[in-house]
Amino acid sequence: MTFYVTTPIYYVNDVPHIGHAYTTIACDILSRFHKLKGEETFFLTGTDEHGQKVEKASNLKNQDTQNFVDEMSKSFRDLVPFLGCDIDDFIRTTENRHKKAAQFLWNKLKNNNQIYLSNYEGWYSIRDEAFYLENELKKVNDSFIAPSGSPVEWVKEESFFFKLSSWEDKLIKYYEKNQDSILPKSRYNEVLSFIKGGLKDLSISRTTFKWGIKVPEEDNHVMYVWIDALCNYLTAINYPDEDNHNFKTFWPGVHVVGKDILRFHAVYWPAFLMAADIQPPKKIFAHGWWTNEGQKISKSLGNIINPYDIINQYGLDQIRFFLFREVPFGNDGDFSKDAIALRVNADLSNNLGNLIQRISSFIVKNSDSKVLKPKRFNQNDEKLLELFKKNFDNYLNHMNLFQIDRALKNIFEYLSEVNAYVDTEAPWSLKNSNQERMKDVLYIVTILTIRCSVLLFPIIPSSIKNILKIYNLSIENFNYEKINNFFPDYLKLNKPSPIFPRIEL
Ligand code: MSP
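Undergrad: Kindly report on the pattern of salt bridges, identifying the contributing residues and their values.
TA: Should the charged atoms of two oppositely charged side chains come close, the side chains can pair. Per the stated rule, a full pass over the model turns up 25 salt bridges. Lys-196 is the salt-bridge partner of Glu-176, the closest N and O atoms lying 3.2 Å from each other. You can see Glu-176 sitting in helix H5 (residues 168-177) and its partner Lys-196 sitting in helix H6 (residues 185-196), a full 20 residues away along the chain. The exposure class of Glu-176 is partly exposed, given its relative accessible area of 39%. Its salt-bridge partner being Arg-437, residue Asp-381 comes within 3.0 Å of it at the nearest N-O pair.

Written out as structure tokens, the structure is:
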């Protein structure tokens, strides 16, 4: 099995904010999860650098457009390691490899008789880089606005069109056969009913500006930024070399996108691909949007959340954890400082952190820093070990369905059971009366804490690396296939230092 996961490529008209960080971290979690399942993975992110929106932003800064995109792209690239994300490639649409791939795709569509020249006349939103029908727009005062709230302008120009209308039936058939290819289910229904509402041919080139990939053999036309952008997912795995290892191994991939750009990925993209004799994506997952203390996040409201600020304030894994534990992946979420503190304190500091702290320091102090595999397990031990298996199965099911919040909830419910076991077995009270049983209890708690930590690794990797160091272990020692059999003969512990300090409310 292989797993190719992509983030949308980010527009470089502005610096990254929490919305971008959210998608990138989501893909990092999924990629790390699939790697631990033993799959070959490829995780791609990058920047979307063409089109009117980016050109306009560079003009506003009075900067040469190429210099501008170089600088802005770097701010997205630098953010990746800061978010603790382990990517396999970072693609920029201004790279040569991408121009070549996009032009190849264009020619393929042209040769397959999917493109024709005509005139476009209608509404366009630069902010969304999208064409709209008048009946999709809202009238506010005397002007029209897009469903996203963005302004639109009337455009009239010669344009190449993609025969999207001829793909309507094939897309419907494809989606009716592949019901889990768009998640969550509500988004699948939304896409299907949009397609059933009728598809019009799509304008795919522009003539009124130059900042884009040239249409092959057509000097006046640059490609519509979305056909250019979507193609990045192929470029990065070496398209058009379809016999290449990466293309053969990783396509079709999984696209994680925000709900606002689902239509481009779930309608236009599969149609382009099928029209170019390429398989459609394996899966498209649409996530929700974050608000800030109940308010829409926007530049004009001045409430943009800078990922650097928030991570410096609360800690990387604290934020990664909050984003994916607090809100079901797929739903909208609200970013609130109180919610972060409550969540981190309850789960990371109290439940996991305290458990590790009190048990491992007790082992260091009272058991010569060692735990040994017991000769036998009693009923309570067996019960807790069985429960791990059950929770592990649930974790796998949830993670396979992108239900990261439910997978996490599962682990923390289990950790509460481990804490309850510690309270009942009370190893400290066995210190003088039954050393052997005390040591058995310490062993059980230790290995189960380690197993839970390994399940948490995709979400909070750097903290888990530190936790594993307490036990002289490293994540490379683990994969999920063998986790139920993790019964080491012997573990030597190091003195722990506190891992998740409580956040003051
Ligand atoms: N360039 C296009 C994508 C092309 S992919 C072939 C684009 N870029 S974007 O920079 O505007 O947005 C990138 C992603 O950030 C989108 O998935 C969008 O949903 C996400 N978010 C932007 N603001 C967000 C929030 N407030 N909350 C969560 N995600 C948000 O679209």
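Undergrad: With reference to specific residues and values, describe the site of the ligand.
TA: The environment of the ligand is formed by 22 residues, the closest being Ile-9, Asp-48, Gly-258, Asp-260 and Trp-290. Note that an oxygen atom of the ligand is positioned 3.1 Å from one of the backbone N or O atoms of Tyr-11. Contacts to the ligand include His-20, whose side-chain N or O atom sits 3.3 Å from an oxygen atom. Contributions of two or more residues to the shell around the ligand are made by strand E2 (10-11), helix H1 (18-36), helix H7 (225-230), helix H8 (232-235) and strand E15 (254-258). Residue contributions to the shell around the ligand peak at three residues, all from H7. Here the shell around the ligand is built from residues that sort into 12 nonpolar, eight polar and two charged.

Undergrad: Break down the nonpolar core for me, with residues and values.
TA: The biggest cluster of nonpolar side chains holds 110 residues, and the ones touching the most others in it are Phe-324, Phe-335 and Tyr-395. Of all the elements, helix H16 (residues 435-456) adds the most residues to this core, at 13 residues. Ignoring anything within four residues of it in the chain, the contact list for Phe-335 reads Ile-18, Trp-290, Thr-291, Asn-292, Glu-293, Ile-305, Ile-310, Ile-319, Phe-322, Leu-323 and Ile-340. In terms of nonpolar packing, the next biggest core, distinct from the first, is built from 76 residues, Val-155, Phe-160, Val-191 and Phe-264 among them.

Undergrad: Account for the sheet that holds strand E11 (residues 202-203), with residues named and values stated.
TA: Strands sit in the order E6-E5-E9-E11 across an open sheet of four strands; the sheet is antiparallel. Lying at the two open borders of the sheet, with one neighbouring strand each, are strand E6 (130-132) and E11. Bridge count between strand E5 (residues 115-125) and strand E9 (residues 153-162): 10 bridges; the pairing is antiparallel. Across the sheet, the residue bridging to Tyr-120 is Glu-157, located in E9. Lying over the sheet, helix H10 (residues 262-275) contacts E6, E9 and E11, oriented at roughly 30° with respect to E9.

Undergrad: So what about the side chain of Thr-249? Which residues, and what values?
TA: Positionally, Thr-249 belongs in helix H9 (residues 245-250). Apart from residues no more than four positions distant in its own chain, Thr-249 is found in contact with Thr-2 and Glu-40.

Undergrad: Lay out the packing of aromatic side chains with the relevant residues and their values.
TA: Two numbers describe a pair of aromatic rings. These are the distance of the centres and the angle of the planes. For the structure on display, the rule yields 43 aromatic pairs. On the numbers, 6.4 Å between centres and 80° between planes, the contact of Trp-251 with Trp-269 is edge-to-face. You can see Trp-251 sitting in the loop between H9 and E15 and its partner Trp-269 sitting in helix H10, a full 18 residues away along the chain. Its relative accessible area of 8% is what places Trp-251 among the buried residues. Grouping aromatic residues by their ring pairs yields a cluster made of Tyr-22, Phe-285, Trp-290, Phe-322, Phe-324, Phe-329, Phe-335 and Phe-402. It is Lys-170 that lies over the ring of Trp-167; its NZ or CZ is 4.1 Å from the centre. Sitting over the ring of Phe-388, Arg-451 keeps its end group 5.1 Å from the ring centre.

Undergrad: Can you lay out the sheet that holds strand E14 (residues 218-223) for me, pointing to particular residues and giving the numbers?
TA: Spatial ordering of the open sheet is given by E12-E14-E13, a layout of three strands whose pairing is antiparallel. Of all strands in the sheet, those bounded by a partner on one side alone are strand E12 (205-206) and strand E13 (214-215). Relative to E14, E12 is paired through two bridges, and the arrangement is antiparallel. Its bridge partner being in E14, Ser-205 is matched across the sheet by Met-223. Along the sheet face, helix H4 (residues 96-111) touches E12, E13 and E14 and points at about 105° away from the line of E14.

Undergrad: Quick rundown of the pairing of E15? Include the residues and the values.
TA: For E15, the tally of buried residues reaches five of five residues, placing the bulk of the element in the interior. Bridge count between strand E1 (residues 2-6) and E15: two bridges; the pairing is parallel. From the neighbouring strand, Val-5 faces E15, where its bridge partner is Val-254. As paired strands, E15 and strand E16 (residues 283-287) are joined by five bridges and run parallel to one another. Looking across to E16, one finds that Val-254 is bridged to Lys-283. Crossover E15 to E16 through H10 is right-handed.

The rules behind the values
Residues numbered from 1 in each chain as written. Predicted model: local features only at pLDDT ≥ 70, side-chain atom pairs only at ≥ 80, totals over all residues. Heavy atoms only, no water. Salt bridge = Lys/Arg side-chain N within 4 Å of Asp/Glu carboxyl O. Helix = DSSP H or I, 4+ residues; strand = E, 2+ residues; numbered from the N terminus. Buried < 20%, exposed > 50% of the residue type's maximum accessible area, 1.4 Å probe, protein only. Near = heavy atom within 4 Å. Polar contact = N/O pair within 3.5 Å; in protein donor to acceptor, adjacent residues only side chain to side chain. Nonpolar A, V, L, I, M, F, W, Y, C, P; charged D, E, K, R; others polar. Core = buried A, V, L, I, M, F, W, Y, C linked by side-chain atoms within 4.5 Å. Contact = heavy atoms within 4.5 Å. Pairing = 2+ DSSP bridges. Axes fitted to C-alpha atoms, helices over the stretch in contact; angles between N-to-C directions. Phe/Tyr/Trp six-rings, centres within 6.5 Å; stacked < 30°, edge-to-face > 60°. Lys NZ or Arg CZ within 6 Å of the ring centre and 35° of its normal. Right-handed = clockwise from strand over helix to strand, strands pointing away.

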